[in-house]
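Architecture at a glance
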Amino acid sequence: MNALTNTRIVLASRPNGAPVSINFRIEHVPVPAPGPGEVLLRNRYLSLDPYMRGRMEEGPSYAAPVALDAVMEGRTVAEVLASNHPGFAIGEHVLAPGNWQTHAVIHGDQLSRKLENNDLPISTALGVYGMPGFTAYVGLQEIGKPQPGETLVVAAASGPVGATVGQIAKLQGARTVGIAGGEQKRAYLETLGFDVALDHRADDFAAQLRAAVPDGIDVYFENVGGHVFDAVAPLLNDFARIPVCGTIATYNARGAVLPGPDRLPGFMSQVLRQRLTVRGFIQSDLHAFFPAFLREMGQWLKDGRVQYREDIVEGLENAPEAFFGLLKGRNFGKLVVKLD
């Protein structure tokens, strides 16, 4: 195994604002042989996700930051090349915390999911049939709870979480309004069955949103923050539910003082007055729902009731640039790096 070389991308420095190329460093190191209970993996696909921006910071969060000079964190679909663990055999594909690298040696107990042949591309384990899809599913099931006839609005609706939120809510009988950036993404939402699809870059976006929800908003699935939330807030109905999955509009401003007046007191007054439910959630805290998600989502995908789109980038060396684009909304669908 020592003849193999691992290509990896490490965190070279912490970003000040938007991350840039000098925050990363590419390295080539020998691949160690797996020890007792360990497996040697060849990463095939790497998932790029917005949460990774937070891992580049030292500040307090729900998870530890990536250390300087350590490999960037990320989920992978990987093939088992060698195994000293009874639960995994050579040639099997697994979902792994394989990180931004071509190879990884990991204890088998850290590999919670073996990927079975279910006629889906294995890359979907990083998207609609993995963490993003589960985030959509559990955020709706546990917090949003859309009822038939209610209106649900979701931002970043062409992405893997938002697109899945809209489709599941539609299956549950809700009226769905999707918000995306740009005409191409907006038009894509119509193919997914959203009742209304809006472009948040339009000059009259707030007016368009108001016209799209004549009966107000009962569920707002928050992925973005920023001016999208500013347009949504006045339209929330009493007892509206807001699952807070992400606020990507401000990820690159961590620690900075944002411009404009302090609107928090006014929003807190609205929360009280309208009895709103606003709950942030991390999908890993709700993993008890995961078996139900695999069962239901597997059937929806098989039946064609849930559609998905992947944005595949070739080559590990292109992961940093693709990640920069993700934070600016350049990707179209679930962003995945193909490492083969």
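Now for a quick tour of the structure. No experiment lies behind these values; they were computed from the predicted model shown.

What follows covers the side chain of Arg113. Of note, Arg113 is situated in strand β7 (residues 113-114). Here Arg113 occupies a buried position and makes no salt bridge, while the nearest side chain of opposite charge, Glu116, is found at 8.5 Å. In terms of polar contacts, Arg113 uses its side chain to reach the backbone carbonyl oxygen of Tyr129, at 2.9 Å. In this structure, Arg113 is in contact with Val94, Leu95, Ala125, Tyr129, Gly130, Phe290 and Leu294, ignoring residues within four places of it in sequence.

This next bit is on helix α5 (residues 205-212). Those residues of α5 that fall on the buried side of the exposure criterion are Phe205, Leu209 and Ala212. All buried residues of α5 project into a common sector of 60 degrees when viewed along the axis, lining one side. Exposed and facing more than 90 degrees away from the buried side of α5 are Arg210 and Ala211. In the core, the buried residues of α5 are packed alongside β9 (175-180), β10 (196-199) and α6 (226-232).

An order of β10-β9-β8-β11-β12-β13 is seen for the 6 strands of this open sheet, with the pairing classed as parallel. Every other strand in the sheet has two partners, leaving β10 and β13 (277-280) as the edge strands with one partner each. Within the sheet, the average angular offset between the axes of one strand and its neighbour, ignoring direction, is 15 degrees. Note: β9 against β10, 4 bridges, orientation parallel.

Attention shifts here to the pairing of strand β15 (residues 334-338). Of all 5 residues in β15, 4 are buried; the element is thus mostly enclosed. Pairing of strand β14 (residues 310-314) with β15 involves 5 bridges; the strand directions are parallel. Directly across from Glu314, in β15, lies its bridge partner Lys338. For the crossover from β14 across helix α9 (residues 319-327) to β15, the handedness is right-handed.

What counts and what doesn't
- Residues numbered from 1 in each chain as written.
- Predicted model: local features only at pLDDT ≥ 70, side-chain atom pairs only at ≥ 80, totals over all residues.
- Heavy atoms only, no water.
- Helix = DSSP H or I, 4+ residues; strand = E, 2+ residues; numbered from the N terminus.
- Buried < 20%, exposed > 50% of the residue type's maximum accessible area, 1.4 Å probe, protein only.
- Lys, Arg positive; Asp, Glu negative; His and termini not counted.
- Salt bridge = Lys/Arg side-chain N within 4 Å of Asp/Glu carboxyl O.
- Polar contact = N/O pair within 3.5 Å; in protein donor to acceptor, adjacent residues only side chain to side chain.
- Contact = heavy atoms within 4.5 Å.
- Arc of directions from axis to C-beta.
- Pairing = 2+ DSSP bridges.
- Axes fitted to C-alpha atoms, helices over the stretch in contact; angles between N-to-C directions.
- Right-handed = clockwise from strand over helix to strand, strands pointing away.

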